[in-house]
Amino acid sequence: MDVNGTVAEGFEPVREAFVRNFEVLGDRGAAVAVYRDGRLVVDLWAGTKDVDGTADSAPWERGTAQIVRSATKGVAAAALLLLHQRGLLDLDAPVGEYWPEFKAVGKERVLVRHVLSHRAGLPVLDRPLTPEEALDPLRGAEAVARQGLVWEPGTDHGYHALTYGWLLGELVRRVAGRGVGEWIAEEIAGPVGADLWVGLPAAEAGRVGRSGRVEAPGNAGGLRSRPKRSVAEAYDDPASLTRRAFAAITPFPDQNDPAYRAAALPATNGIATAEGLARFYASLVGEVGGGPRLFTPETLAAARAEESAGPDRVLVINTRFGLGYMLHGSASPFLDPGSFGHPGRGGSLGFADPESGIAFGYVTNGFSKTVTADPRAQALVRGVRAAL
């Protein structure tokens, strides 16, 4: 395997794990980047730009980007937290205070905090959106506003796989007067110099490779099922919250479709380079290349303070969430207990660990069946841990 890029002295275990991902774990095109205390210490890429590429296909280059699925949620969460940091949004206010139409069907008690911590009680849509409807952010917001609650807000938690995006996106639009993709471009990606987008500009489309399913050894991402009900059963049962949450758009759009990539779906369709994803997380906890530090110490503390923990009503495993971010745990191991970030279903991962100064980004064009803890990403995290 021809691996390109650089690693700083001491971080060779990350390169070794990256090579093994191609040789053993099925990667076809991927990149990994690691910052430490604002300095890029790992910047590696290999394979082909397209998942179905052959030896003659275009190679993955340093600027190649890929869709990162739910790793988008970590970027989108920063938008709400920054609006709060600027005094424009109260995390403990009802969502309906900013979005009056949302109060329908008994949702007056849903707080902004509940949205970020997956406690809003709105993981499903009784009538799923079509792919065409889902590309219109107003249609998604309208559907969520009409939807009734599955549980009393704040009393339980369950992963809002798709509805999270419409909830968060509409809050940004109501508070900031801009679409969430535009806001992220102007207030996050632009200032810190990160190659990431929620709503891919036409000028950047040529940088993004085709993605698809790959088969690789390993278990179901290390997920632990609750007693008497397996994760597989939950996904197979059309009536389960698990199946319904992931089917809020039915059928799911082709993620290689230019129209899907150009839309702003802050739960699922962010596109990033590995370096861009790592730089974003590095910028949450410190300065990078003269750019701004995005989170104050108070906002950082709020982002990674545990809001939800225990059995997840949607994922059917034990999960931990802060405000918009998964926290280190059995469902999605990061580096250490203080780490926070977000995986993308099937592979991608971004996180920061403030105590060690580490920020991490991994993107791939090959999606496996994993949900929260892909073996390839976990191998790279173990490489970082060994380097420290």
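The sections below set out a description of the structure shown in this document.

Parameters and conventions
- Residues numbered from 1 in each chain as written.
- Predicted model: local features only at pLDDT ≥ 70, side-chain atom pairs only at ≥ 80, totals over all residues.
- Heavy atoms only, no water.
- 1 Å grid on protein atoms, 1.4 Å probe; cavity = no way out; pocket = protein on both sides within 12 Å on 5 of 7 lines; lining within 4 Å.
- Points joined across faces, edges and corners; volume = space filled by probe spheres on them.
- Helix = DSSP H or I, 4+ residues; strand = E, 2+ residues; numbered from the N terminus.
- Nonpolar A, V, L, I, M, F, W, Y, C, P; charged D, E, K, R; others polar.
- Phe/Tyr/Trp six-rings, centres within 6.5 Å; stacked < 30°, edge-to-face > 60°.
- Buried < 20%, exposed > 50% of the residue type's maximum accessible area, 1.4 Å probe, protein only.
- Lys NZ or Arg CZ within 6 Å of the ring centre and 35° of its normal.
- Polar contact = N/O pair within 3.5 Å; in protein donor to acceptor, adjacent residues only side chain to side chain.
- Contact = heavy atoms within 4.5 Å.
- Expected span 1.5 Å × (residues − 1).

**Brief notes about the layout of surface pockets**
Here the largest pocket defines a volume of roughly 660 Å³. Along its surface, the largest pocket is lined by 26 residues, and Arg69, Arg213, Tyr235, Phe246 and Arg345 are the ones closest to its centre. Residue contributions to the lining of the largest pocket peak at four residues, all from helix α9 (residues 231-236). Here the residues of the lining of the largest pocket are counted per class, giving twelve nonpolar, seven polar and seven charged.

**Brief notes about the packing of aromatic side chains**
The full count for this structure, using the stated rule, is twelve aromatic pairs. Taken together, a centroid distance of 5.0 Å and an interplanar angle of 40 degrees make the contact between Trp99 and Phe102 tilted. Neither Trp99 nor Phe102 differs from the other in exposure class; each is buried. Ring geometry for Tyr325 against Phe340: centres 5.1 Å apart, planes inclined by 90 degrees, an arrangement best described as edge-to-face. Highlighted residues: Tyr325 in the loop between β9 (318-321) and β10 (326-327) and Phe340 in strand β11 (residues 340-343), separated in sequence by 15 residues. One exposure class covers both Tyr325 and Phe340, and it is buried. The ring centre of Phe102 lies 5.0 Å from the NZ or CZ of Lys107, which sits over that ring.

**Re the side chain of His160**
Tracing the chain through its elements places His160 in the loop between α6 (137-146) and α7 (163-176). Looking at His160, its side chain comes within polar contact range of the main-chain nitrogen of Leu122, at 2.9 Å.

**Overview of the environment of Pro94**
Looking at the element boundaries, Pro94 is found in the loop between α2 (72-85) and α3 (95-98). On the basis of relative accessible area, Pro94 is assigned to the partly exposed category, the value being 28%. C-alpha of Pro94 to C-alpha of Leu111: the two residues are 17 residues apart in sequence and 4.1 Å apart in space. Non-local contacts of Pro94, meaning those with residues more than four positions away in its chain, are made with Glu108, Val110 and Leu111.

**Things to note about helix α14 (residues 375-387)**
Along an α-helix, residues three or four positions apart point the same way, because every turn accommodates 3.6 residues. Its 13 residues give α14 an end-to-end C-alpha distance of 18 Å, which sits within 8% of 18 Å, the value for a rise of 1.5 Å per residue. By the burial criterion, the buried members of α14 are Arg376, Ala377, Gln378, Ala379, Leu380, Val381, Gly383, Val384 and Ala387.

**As for the environment of Arg304**
One can find Arg304 in the loop between α13 (297-303) and β8 (308-311). Taking relative accessible area as the criterion, Arg304 reaches 24% and is therefore assigned partly exposed. As for Arg304 and Val7, which are separated by 297 residues in sequence, their C-alpha atoms are 29 Å apart. Filtering out sequence-adjacent residues up to four positions away, Arg304 remains in contact with Leu327, Gly338, Phe340, Pro354 and Glu355. Within the structure, the side chain of Arg304 is placed 2.9 Å from the backbone oxygen of Gly338, a separation counted as a polar contact.

Geometry only, nothing functional implied.
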